[in-house]
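Structure assessment
So you can see what is in the structure, the chains are spelled out below.
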Amino acid sequence: MSIDARNHDDAEQMGGGSDGDDDSRSRIGRWAKDWMEHPEKAYAVMGVFMGGVLLTTSLFPLYWLFVVAMAPPGQTNISLIPAEIDLTAFVDIFVQVPFARFMFNSLFYAFSVTAIVLLIGSLAGYAFGRLDFRGKTPLLFSLLVLSFFPPATLFLPLFRAFNQQIPLLGIFTLPAEIYGTPGAVVAPLSAFTMPLAIFILTTFYGQIPDGLEDAARVEGTTRIGALFRVIMPLSAPGIATAGILTFITVYTEFFFSFLMTGDSAAEWAPVVNGVLAFQTQYTTRYDLQAAASLVAIVPVAILVVFAQEKIISGLTQGALKE
Amino acid sequence: MSEQAYAYLLLAPGFLVLLLFAFWPLASAIRTSFFADIITGSGRLGEFAGVTNYVQLLTNTNALAPAPFLDPSFQIPVLQQALFMTLLFAVLSVAGETLLGFLYAMLMQGDYAGRKLVRLLIILPWAIPIVIQGMIFFLMFRPGYGLLTEPLQQLGIFSSLPLNTTFDGFVIVTVADIWKTSAFMGLLILAGLESVNQDLYEVADVMGASRWQRFRYITFPLVFPVLMVAMLFRTMGALRVYGIIEATSVGCTTVPSMSCLVVELMFGSASLYGSAAAASVLIAIVVGLFISVYLLFIRRSSQSLGFA
């Protein structure tokens, strides 16, 4: 034990606890002694303290949003504690703009891209994970390279193709105005999120023992049947991980969602435009923007509540074992 | 059907989608970058111009390019501004996210009552749409409205219009990014922590290792490869930063990133498609350089640990 600690012991004995000040000092001394003898306790206290600080930093911005949503319209210099709990903003957002439709559009994008990516990505992941074929490495490598390019690079040609300025693939001009339909967002985002999903699924499918698939084949299942009835159920954690990552990526995405759609809900604009819709040329209702933001977080918050164990176990089990 | 043919059949739908909406636009962007800009007409391309667009971007001689983003008195070419901003942003945000991510991962790992709640609260910011993340920080720093504007101004750290000042805007964007994506970093690091063989810690305990030694000699080296992969992902994201700059309404004129440059060239006063494409290819080259450095690092570190 250090000299300091011994001094503390002495101080505690000499203090004798005659008045309040001494009493508190001796209590601190006792804590110090206790912690030095049992460092785990000190670590535990430090851990709780640090945890508190971290959680505050991660939650404070959301609390601030709530405070702003409570404030009456036009108020400036908002204080940290709302003067009154006034939830009318949460109703107004659905009255002033079709916010429900904006949210539906965003969720529609997220669900359709996830479904497309999981279905098509599963087939590719199965081929990469369980089959031998020529060109496997170059194809996997092309996926890797693709996922390194910024959305800005891919955006320009797609934007022009969707507006009939140039033909897609240089061969066929897209028929009607695709810009302003869900396809203009769903198609590029599917392509953009596909490589990571394929990587995750490849790892999971590769881990399943061959024997199980062979057994299913002996039972008379077709190859494709074995994929859907044996391989996919066994890789449920991997599919969940890939699905959740894709869903969250699409729901939170900004670049394509913002630039590939019009501004109104009827033109399939997502939450991005919904939140910005409260900004008109003359006034901006910050309280409504804050309320709308909180409402838009609800779907992903629910997803995280139910899926957090899946996300963590999925990543641990295989996504990173490359 | 042979295994080979079956494999190609399964790959076909995926690669068809990728061909149409990823490989083709990529090739088209590269091709476009070699054609001259035309400002009259419906934004079509001019004649084949070789590397003119690149030369003009690199030497800042494109008269139609957007006016200098930053204070014109700086006399710094647009591309250099964008490159400098983006690299600084990438370094600072990834460093901050790694540090905070490690703390988050350790907080998520322990086995204690209320762990589920803690995990939820940590992960939540990551799942929040970028536009809302921007809204939060916009509302915090809007002059006369936001809670943090005045105190920071009185301390002399921020100006009175933080969202329109380059230094302040840069800090806001960086903090906003760290706030949102540290959780993702934390998740990946947690995956690394959980895959560490727990027996090693028991051995360390028997040998009387301190907490720091356990971290220094067991946790860190074993988590290092995963950490590199996580940093690789985040660096790629940071180099492409655009959304948060727009969403906080700091805007591309205050904090010009490389992606900003593309969007400004494309949607700015003139639709300079050739130059925009050239700028986006330059981004891809910068990202590619970073990726190669990381991959080299990852390969070397896994070799020194004795893996394949």
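Keep in mind that what you see is a predicted model, and the values were worked out from it rather than measured. (Residues numbered from 1 in each chain as written. Chains lettered and ligands numbered in written order. Predicted model: local features only at pLDDT ≥ 70, side-chain atom pairs only at ≥ 80, totals over all residues.)

A word on the overall build of chain B
A tally of regular secondary structure across chain B gives 12 helices and 0 strands. Starting at the N terminus and walking to the C terminus, you meet the elements of chain B as α-α-α-α-α-α-α-α-α-α-α-α. The 308 residues of chain B split such that 45% are buried. Contacts in chain B between residues far apart in sequence, at least 24 positions, make up 67% of those at least 6 positions apart. (Helix = DSSP H or I, 4+ residues; strand = E, 2+ residues; numbered from the N terminus. Buried ≥ 20, exposed ≤ 12 C-beta atoms within 10 Å, placed from the backbone. Contact = placed C-beta atoms within 7 Å.)

Details of the overall build of chain A
Summing up its helical and strand segments, chain A has 14 helices and 0 strands in all. Taken from the N to the C terminus, the helices and strands of chain A come in the order α-α-α-α-α-α-α-α-α-α-α-α-α-α. Counting over 322 residues, chain A shows a buried share of 40%. Once local pairs closer than 6 in sequence are excluded, the contacts in chain A between residues at least 24 apart make up 71%.

Here we look at the domain arrangement of chain A
Assigned domains within chain A: domain 1 (3-86) and domain 2 (92-319). By residue class, the composition of the side of domain 1 of chain A that touches domain 2 of chain A is 6 nonpolar, no polar and no charged. (Domains from an automatic or database assignment. Nonpolar A, V, L, I, M, F, W, Y, C, P; charged D, E, K, R; others polar.)

A word on the interface of chain B and chain A
If you look at the interface, chain B gives 77 residues, while chain A gives 72 residues. Here the element with the most residues in the side of chain B that touches chain A is helix α1 (residues 3-32) of chain B; it accounts for 20 residues. For the side of chain B that touches chain A, the residue count by class is 58 nonpolar, 13 polar and 6 charged.

Looking at helix α8 (residues 183-206) of chain A
Residue and element names in this part refer to chain A. End to end, α8 covers 32 Å across 24 residues, agreeing with the expected 34 Å (1.5 Å per residue, within 8%). Bending of α8 peaks at approximately 40 degrees at the position of Met-194, with proline Pro-195 no more than four residues after it. Most of α8 is tucked away: 20 of the 24 residues are buried. (Expected span 1.5 Å × (residues − 1). Bend = angle between axes of the 7 residues up to and from the residue.)

Observations regarding the domain arrangement of chain B
Under the domain assignment, chain B is made up of domain 1 (1-29) and domain 2 (33-63 + 76-304). One C-alpha centre belongs to domain 1 of chain B, the other to domain 2 of chain B, and the line joining them spans 30 Å.

Side note on helix α5 (residues 99-130) of chain A
Under the 1.5 Å per step criterion, the end-to-end length of α5(A) is 45 Å for 32 residues, consistent within 8% with the ideal 46 Å. At A:Gly121, α5(A) shows its maximal kink, close to 30 degrees.

Quick notes on the environment of B:Arg142
All names here are of chain B. On the secondary structure map, Arg-142 appears in the loop between α5 (130-141) and α6 (149-154). Sequence separation between Arg-142 and Ala-27 is 115 residues; the distance between their C-alpha atoms is 42 Å. Not counting chain neighbours up to four residues away, the residues in contact with Arg-142 comprise Thr-149 and Leu-163.

A short note on the environment of B:Met236
Considering the arrangement of structural elements, one finds B:Met236 in helix α9 (residues 211-239). Classification of B:Met236 as partly exposed rests on a count of 19 C-beta atoms within 10 Å.

A word on the confidence of the model for chain B
Residues at a pLDDT of 70 or more form 87% of chain B, whose mean pLDDT is 80. Complex prediction metrics read pTM 0.83 and ipTM 0.83. (pLDDT = per-residue confidence, 0-100.)

Focus: the environment of B:Phe267
Residue and element names in this part refer to chain B. Along the polypeptide, Phe-267 turns up in helix α11 (residues 258-267). Of the residues examined, Phe-267 has 14 C-beta atoms within 10 Å and is grouped as partly exposed. When the C-alpha atoms of Phe-267 and Leu-295 are compared, they prove to be 35 Å apart, with 28 residues separating the residues in sequence.

What about the confidence of the model for chain A?
All names here are of chain A. Considering every residue of chain A, the mean pLDDT works out to 79; 85% of them sit at 70 or more. Mean pLDDT across the elements of chain A ranges from a minimum in helix α1 (residues 3-15), with 43, to a maximum in α5, with 92. In this model, residues 1-20 is a region of pLDDT below 50 whose contacts with residues beyond four sequence positions or in other chains number 18 contacts.

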